[in-house]
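# Chain and residue survey
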Amino acid sequence: MSAPAQSALILGATGATGKHLLAQLLASPHFSRVGEYGRRVSSLEGRESEAARGKLEQKVIDFENLGESGMKEGKWDVVFVTLGTTRASAGSAAAFEKIDREYVVNAAKEAKTDDPEHKQRIVYLSSSGANASSPFLYPRSKGLTELALARLGYADTIVFQPGFLRGAERPDKRVAETVFGYITGAMSHFSPSVEIEVPLLAKSILDAGRLGTSSLPASIGATKAGADNAWYTIIGNRGAGVLGRE
């Protein structure tokens, strides 16, 4: 007997990983309704089938006025968050944290239904090395975001901590990222924990959202983090690769 179809909301669908995740959600028969909400939305450019476009709901929202977004009324089964930025793109440390953490947490809070009978799942794309106690801006922001999402009260919180994103398509060319890619490419011959192809990561994120923590295969080595009533599941780079190939 097949599992019942689910609805999915994606925040950050225009990003390097989000664009692949959106395409896979639209192609998946498991998700019957897909919402793409963001500061801007994707141009499908005729690549998706008519049926896929028919199940997509797109809406431009103001992250400073989420009460008007209508996300809560969507009663989404799975909320996927691939929203994020860099300090360079944001322009300052304060602006980075506002987008990377405040926008993410507030949007996830707004997407959570008030119906206690509706058990929702949230899947967040974080980063390897995320640590709320880190002295460095980027891993600290990711770590704090993970903890804040876990405290929102979703029935299931899953966090991905991938390594270098191989094949990420970005509007801005990052020289350091290109050089680092050569390094991780060489290292990947010796360890599966340093990089992952973006389409494979997107598939893994979709599968985790579909399966939920309780149905994840033991082979991916998922771990538990958090505290008190704010526990969440972490899937590292190697686990993401294994799950994406299942």
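All of these numbers come straight from a predicted model, not from anything done at the bench.

## Some points on the confidence of the model for the protein
A residue-level look at the protein finds 86% of positions with pLDDT of 70 or above and a mean pLDDT of 88. Here residues 174–191 is modelled with pLDDT under 50, and outside its nearest four sequence neighbours on either side it reaches 19 contacts, counting other chains as well.

## Regarding helix α8 (residues 237–244)
Where burial is concerned, most of α8 is hidden: 6 out of the 8 residues are buried. Against β6 (156–161), β8 (195–197), α7 (198–211) and β10 (230–236) lie the buried residues of α8.

## Concerning the packing of aromatic side chains
Summed over the entire model, instances satisfying the criterion amount to 4 aromatic pairs. With 6.1 Å between their ring centres and 70° between their planes, phenylalanine 31 and phenylalanine 80 make a pair best called edge-to-face. With phenylalanine 31 in strand β2 (residues 31–38) and phenylalanine 80 in strand β4 (residues 78–81), this residue pair connects regions lying 49 residues apart in the sequence. The class of phenylalanine 31 is buried, set by a relative accessible area of 1%. Among the residues examined, phenylalanine 80 registers a relative accessible area of 0% and is labelled buried.

## Quick word on the environment of leucine 201
Looking at the element boundaries, leucine 201 is found in helix α7. Classification of leucine 201 as buried rests on a relative accessible area of 0%. With 44 residues separating them in the primary sequence, leucine 201 and arginine 245 have C-alpha atoms 9.7 Å apart. For leucine 201, the contacting residues outside a window of four places in its chain are Thr17, Leu125, Phe160, Pro162, Leu165, Ile196 and Ala240.

The rules behind each value
Residues numbered from 1 in each chain as written. Predicted model: local features only at pLDDT ≥ 70, side-chain atom pairs only at ≥ 80, totals over all residues. Heavy atoms only, no water. pLDDT = per-residue confidence, 0-100. Contact = heavy atoms within 4.5 Å. Buried < 20%, exposed > 50% of the residue type's maximum accessible area, 1.4 Å probe, protein only. Helix = DSSP H or I, 4+ residues; strand = E, 2+ residues; numbered from the N terminus. Phe/Tyr/Trp six-rings, centres within 6.5 Å; stacked < 30°, edge-to-face > 60°.

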